[in-house]
Amino acid sequence: MVNVGRAAGAVLISIPGCRDLSPVGAIDLGLLSLIPEHLIRRYMLIPVKKSGNRLFVAMAEPFNILALDDLRLFTGCDIEPLAAGKKEIKMLIEKHFGTPEIEMVMQDLEIEPEGVESGAIPEEEFIDQAPVIRLVNLILTRAVDEGASDIHIEPFEHFVRIRYRIDGLLGEVMNLPRKMIFPIVSRIKVMSDLDIAERRLPQDGRIPLKLPGRDIDLRISTMPTMFGEKVVIRVLNKGNVKRYNLSQLGLSGYNLKRFLGFIRASHGMLLVTGPTGSGKTTTLYTALNEINTIEKNIITVEDPIEYTLANINQAQINEKAGITFANYLRSILRQDPDVIMIGEIRDPQTAEIAVQAAVTGHLVLSTIHTNDAPGAVTRLINMGTAPFMVASSVTGVVAQRLVRRICLHCRQKSKLDNKEIAFAGLAPGTSLFAGAGCANCNFTGYKGRIAIYEVMTLLPELQNIILQNVSTEEIRQAAVSAGMITLKEDGLEKAAGGLTTVKEIMRACLRE
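Summary of the structure given here. (Residues numbered from 1 in each chain as written. Predicted model: local features only at pLDDT ≥ 70, side-chain atom pairs only at ≥ 80, totals over all residues. Heavy atoms only, no water.)

### A closer look at helix α13 (residues 373-382)
Counting buried positions along α13 gives eight out of ten residues, so the element sits mostly inside the fold. Residues of α13 that are buried include every one of A373, P374, G375, A376, V377, T378, L380 and I381, and no others. The N-capping residue of α13, defined by a side-chain oxygen 2.9 Å from the backbone nitrogen of G375, is D372. Two residues or fewer after α13 comes G384, characterised by a positive phi angle close to 110°. (Buried < 20%, exposed > 50% of the residue type's maximum accessible area, 1.4 Å probe, protein only. Helix = DSSP H or I, 4+ residues; strand = E, 2+ residues; numbered from the N terminus. Polar contact = N/O pair within 3.5 Å; in protein donor to acceptor, adjacent residues only side chain to side chain.)

This is the structure:
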């Protein structure tokens, strides 16, 4: 039996008569042997408690007479049906009995799922077999259906672990036999035009995936490890960026007004900063969509091009061929641009050309890796850009983080603990919204993400401070005095509005 890792057991909270049971690990595993697996799957039910000759069974259809009669016949017990959601029951069944589709693939390949030691199936024998193709397709489509941003396929000594990153956090979804790693990796390499024979070097590729109503682009990265090649797949939904507008990104009215001022200017530089995976590229793409008109020549230089934007000239760098950000920028300046988007400022040469473009009548948008908005100014200066050039070219800096949204299906008021009270500076006993956990959010209490922002405008007083080549902390103090709302303040405002939790703001803002 394939072990499918799922958050489960919390279903019992919603079953009348079982509130005395613990939400986690409440199911007695010994009860599962009382009912044949085919009945459990057919009738969507799970036994949860036995008292004397009474067997309490959570059922998606508690009034199904045929199911109740079959249960009495097979168990010899008096059946007490308990109502539960179909999705919740399915999650419990997958946790304890595995995913049917994966079990079928294992059987078709004649692989024993449990007790498999080291060793591997030769690709030549299995790579083109339909079961392997179905398994890889299942892993990919399931990730898309569950809203995963990344898929991790990781080989270990005795098993292969599959994890999805959903709403920013990794979670295990299944374990497969160790012998499956080579067929899976080889199938993915074939789909992404990578070299199957090369296992010693990392490789990168892409897979365009067409699903009903969705246009998905998968970015593939392979890396050799001790027990085989690890594969990480970035899932890009091309339709997402087309649907975004600035109001959907989570900018408050105050920050949105300042942000619009940056992107509607005729010249200057807007920097978006934050860690990897914080949504910087999405913010820039949305900004480009906002200002994209027939009167403007917009050119981007990216590595890689994540989404294709309509009516915008996009170029991808190729460092192996000697085409870098700096080289491309020199050419772009001869292309009569109005707006230039640079994927990332990584080196002094790129920073110098970007600053020169911003002070010579071009609007420049770019990202840079710093922890906060004031740090972007210091980073440019440390790259060798003169403080007076930074002060005269940069019009604004936006720092951002992504935090999880509270699930609307299970949102309820909850008291904050002492750490949250101290962090938020609230009175003891304060209650704010939090998610209780339900099938819609996989019992996490969160569904989807929203960004929190720190928008710094380089007003004259800030420009004077920068000319003095002061520290990041001094720039921060001056920015706050000039009206900048910090990441923490913006996050706490969203938590007070019931969009996220104080715990999420702590996770995003605290440096541990």
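Alright, that's what it looks like, and here's the rest.
### Topic: the pairing of strand β2 (residues 54-59)
For β2, a buried count of five out of six residues is recorded, marking the element as mostly surrounded by other parts of the structure. Pairing between strand β1 (residues 45-51) and β2: six bridges, direction antiparallel. Looking at the pairing, K49 lines up with F56 of β2. Hairpin geometry of β1 and β2 is characterised by an intervening segment of two residues between the two adjacent antiparallel strands and by a positive phi of about 65° at G52. The pairing of β2 with strand β3 (residues 78-83) spans six bridges and is classified as parallel. Along β3, the bridge assignment pairs V57 with P81. Tracing the backbone out of β2, into helix α2 (residues 65-75) and back to the parallel element β3 gives a crossover that is right-handed. (Pairing = 2+ DSSP bridges. Right-handed = clockwise from strand over helix to strand, strands pointing away.)

### Topic: the sheet that holds strand β4 (residues 148-155)
Spatially, six strands are ordered β6-β5-β4-β9-β8-β7 in an open sheet, and the strand pairing comes out antiparallel. Bordering the open sheet on either side are β6 (169-177) and β7 (203-211), each of which pairs with just one other strand. Put simply, the sheet's adjacent strands are angled 20° from each other on average, direction ignored. (Axes fitted to C-alpha atoms, helices over the stretch in contact; angles between N-to-C directions.)

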